[in-house]
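What follows is the residue order along each chain.
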Amino acid sequence: MGAGKSTVGQVVAERLGRDFVDVDREVERDVGKPIAELFQERGESEFRSHEERKTIAALQQPGPAVIALGGGAVETPAIRAALRERAFSVLLDVDPETAWSRSSGSGRPLARDEADFHALHERRRALYDEVADARADDADDVVLAAGGVHVRGGSLELVGSLTPGDGRVALVSDPHVAGIHGADAQVALGERLVSVHEVPQGEEAKTVAVVARLWSELRLARDATLLALGGGCTTDVSGFAAATYLRGIDWVAVPTTLIGQVDAAIGGKTAIDLPAGKNLVGAFHWPARVVVDPRLLDTLPDRELKEGMAEVTKTGLLAGEPLWELPLPELVRRSAAFKTALCLRDPYDRAERAFLNLGHTFAHALEAAAGYEGVTHGAAVGLGLLAALRLSGRPTDVVEEVLAPKRVHVDRERAWVSLLRDKKSWAGEVRIVLLGDAGPSVEARPEREIRAALDELIAD
Ligand SMILES: NC(=O)c1ccc[n+]([C@@H]2O[C@H](COP(=O)([O-])OP(=O)(O)OC[C@H]3O[C@@H](n4cnc5c(N)ncnc54)[C@H](O)[C@@H]3O)[C@@H](O)[C@H]2O)c1
Ligand SMILES: [Zn+2]
């Protein structure tokens, strides 16, 4: 009671594109009167039986939904059983004083006397603990929990207990990351760790040859877990190995770069490269858990942090909030939650997930025109965001301030050809992500406008 379930639940439902059911409101609609009146006229037990019926009906509906339970619902055994079977339950934690100050005077029948209120809270606490699959303080936390993304400083030390199941674990990382964080991960995995594997540092990890070597090195049963510790290259290739080995085993991502923590490790896209282009082979294979420990970024070189800030800036623009201004741990949590929500909404990248490509049509064209050398992805995204904002008729000062993008020396024709190959023009128009007042959308724009925006990013 007073934790904010109705408010947070509504926000989470909107962000995930799911129905929202507020059980208390449903009961009120059913009986045609406020709960306080129902309590007064028919007593608590009458209310509880309405609550049980409505809650179980909500839990039985076929599609996924966000359901705000009544504060006392967990006291009904049938509801607890239904929750265990049908729900991922998130406890919206609130201290008793805050709960009382929000609930008292609200007319709620069980929030009239402070001592009774606290005694009730105490009595229910054990039941909340019993049903909770995760705990949350706000909507971002709920989204992260729903996506299996655990964000907290110091979580590498707990990675053993954060890795679901009790099967064996194989650890994959690049030699550089293994040298910095490998020992801590090994200690944390303890006896579950059965083998340690290395993939090359950087994009060289994302090849068929590296996956083939992982396939042949792994000696795992179906219930085992592959744990990838490293940047986006390590998690991309390891996730793909996990998606294919024994037709798919569980995997856990422990991202160690900013790109990994806010982007690459989230959303279940795994991939390797082909000579013809990046990420051309892969699978959707959602990690059983993503363990994000922002403290691991302490050892990350500035240039890698800057690469990640390009994605953070993109995310902040999409979210309409200056996420880039937040301190690192909070910036990671909020950005990771934004991506998680979009991916839960559109896991197979058929709709809204495309918004994550803001600026990327231009970025990919510039990177390709540079032959993937000399122009980093982050630098190209900074430029791409400029182009996307200009085409959206929006100011670009934020991107200039945070990322200070510099025009690149690449061949204009080559960049344009790459963009068209990537995007396929339709009737002289190219579809790109733009940012409007109501948020992002995918829009068709005439080729000449796109080309002019691209040209502006290229130095003479
Ligand atoms: N799957 C997705 O949805 C998705 C999304 C975005 C990007 N990606 C992919 O991610 C890749 C880029 O990710 P990246 O930049 O993290 O790559 P990366 O794995 O190459 O890491 C970058 C470098 O940082 C080093 N490093 C990693 N963690 C460190 C730490 N804590 N301290 C010091 N050094 C550390 C690595 O050894 C490496 O040299 C690209 O291949 C891209 O395609 C995938
Ligand atoms: Zn990107």
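Up top is the structure these notes are about.
Below, the structure is looked at part by part. (Residues numbered from 1 in each chain as written. Chains lettered and ligands numbered in written order. Predicted model: local features only at pLDDT ≥ 70, side-chain atom pairs only at ≥ 80, totals over all residues. Heavy atoms only, no water.)

Attention now moves to the site of ligand 1. Ligand 1 sits among 27 residues. The nearest are Asp 174, Glu 203, Gly 232, Thr 256 and Thr 257. In the model, a nitrogen atom of ligand 1 is placed 2.7 Å from a nitrogen or oxygen of the Thr 256 side chain. Between an oxygen atom of ligand 1 and a side-chain N or O atom of Asn 279, the distance comes to 3.4 Å. A total of 870 Å² of accessible area belongs to ligand 1 in isolation, and the protein chains cover 88% of it. Going through the elements one at a time, α10 (175-189), α12 (232-244) and α13 (258-264) are the ones with two or more residues in the shell around ligand 1. Residue composition of the shell around ligand 1, grouped by class: eight nonpolar, eleven polar and eight charged. (Near = heavy atom within 4 Å. Polar contact = N/O pair within 3.5 Å; in protein donor to acceptor, adjacent residues only side chain to side chain. Areas by Shrake-Rupley, 256 points an atom, 1.4 Å probe, with all protein chains shown as cover. Helix = DSSP H or I, 4+ residues; strand = E, 2+ residues; numbered from the N terminus. Nonpolar A, V, L, I, M, F, W, Y, C, P; charged D, E, K, R; others polar.)

Within the open sheet, the six strands sit side by side as β5-β12-β9-β8-β6-β7. Their pairing is parallel. If you trace the sheet from one side to the other, it starts and ends with β5 (149-151) and β7 (193-198), each paired once. The average undirected angle you get between the axes of adjacent strands in this sheet is 20°. Inspection of the sheet shows strand β8 (residues 225-230) paired to strand β9 (residues 250-255) by six bridges, in the parallel sense. Within the sheet, the bridge partner assigned to Leu 227 lies in β9 and is Val 252. Across the sheet, α10 touches β6 (169-173), β7 and β8, and the angle it forms with β6 is around 160°. (Pairing = 2+ DSSP bridges. Axes fitted to C-alpha atoms, helices over the stretch in contact; angles between N-to-C directions. Contact = heavy atoms within 4.5 Å.)

Checked against the element boundaries, Trp 324 lands in the loop between α14 (302-319) and α15 (328-345). Under the relative-accessibility criterion, Trp 324 is labelled buried at 15%. In this structure the C-alpha to C-alpha distance between Trp 324 and Val 398, which are 74 residues apart in sequence, comes to 9.6 Å. Among residues more than four places away in sequence, those in contact with Trp 324 are Met 309, Val 312, Thr 313, Gly 316, Leu 317, Leu 331, Val 398 and Val 402. (Buried < 20%, exposed > 50% of the residue type's maximum accessible area, 1.4 Å probe, protein only.)

Within the secondary structure, Arg 80 is located in helix α5 (residues 77-86). Given a relative accessible area of 16%, Arg 80 falls into the buried group.

With that out of the way, let us pick up the pattern of salt bridges. With the rule as written, the count across this model stands at 36 salt bridges. Ionic pairing is found between Arg 53 and Asp 30, a salt bridge with its closest N-O pair at 3.8 Å. Of this pair, Arg 53 sits in helix α4 (residues 44-60) while Asp 30 sits in helix α2 (residues 23-31), placing them 23 residues apart in sequence. Overall, Arg 53 belongs to the partly exposed group, its relative accessible area being 48%. What makes Asp 30 partly exposed here is its relative accessible area of 41%. Residues Arg 135 and Asp 129 are paired through a salt bridge, measuring 2.7 Å at the closest nitrogen-oxygen approach. The partly exposed category is assigned to Arg 135, whose relative accessible area is 43%. (Salt bridge = Lys/Arg side-chain N within 4 Å of Asp/Glu carboxyl O.)

All right, on to the packing of aromatic side chains then. The tally for this structure, following the rule as stated, stands at three aromatic pairs. Plain terms: the ring middles of Phe 39 and Phe 47 are 5.3 Å apart, the flat faces sit at 45° to each other, and that makes the pair tilted. On the basis of relative accessibility, which here comes to 4%, the residue Phe 47 falls in the buried class. With centroids separated by 5.3 Å and ring planes inclined at 80°, the aromatic side chains of Phe 284 and Tyr 348 adopt a geometry described as edge-to-face. Of this pair, Phe 284 sits in strand β11 (residues 277-284) while Tyr 348 sits in the loop between α15 and α16 (360-369), and the two are 64 residues apart along the sequence. Looking at Phe 284, the relative accessible area reads 38%, which means it is partly exposed. (Phe/Tyr/Trp six-rings, centres within 6.5 Å; stacked < 30°, edge-to-face > 60°.)

Leu 226, Leu 258, Phe 362, Leu 366 and Leu 454 are the most contacted members of the largest nonpolar core, which has 82 residues in total. The dominant element in this core, judged by the number of residues it contributes, is helix α17 (residues 377-391), at nine residues. Not counting residues up to four positions away in its chain, the partners in contact with Leu 226 are Ala 170, Val 172, Leu 218, Leu 220, Ser 238, Ala 241, Ala 242, Ile 249, Asp 250, Trp 251 and Val 252. The next biggest cluster of nonpolar side chains, apart from the first, holds 20 residues, and it includes Ala 111, Ala 139, Ala 341 and Leu 344. (Core = buried A, V, L, I, M, F, W, Y, C linked by side-chain atoms within 4.5 Å.)

Further remarks concern helix α11 (residues 208-217). Among the residues of α11, those classed as buried are Val 210, Val 211 and Leu 214. Projected down its long axis, α11 shows its buried positions confined to an angular sector of 100°, all on one face. Looking at the buried residues of α11, the elements they touch are β6, β7, α12 and β10 (269-274). (Arc of directions from axis to C-beta.)

Only Glu 311 (OE), His 360 (NE2) and His 377 (NE2) from the protein coordinate the zinc ion (ligand 2), and they sit 2.1 Å from it. Each donor residue of the zinc ion (ligand 2) belongs to the same chain, with the gaps between them written as E-x48-H-x16-H. With Glu 311 in helix α14 and His 360 in helix α16, this residue pair connects regions lying 49 residues apart in the sequence. For the pair shown, Glu 311 and His 360 are each scored as buried. (Donors = N, O, S within 2.8 Å, 3.2 Å for Na, K, Ca; no water.)

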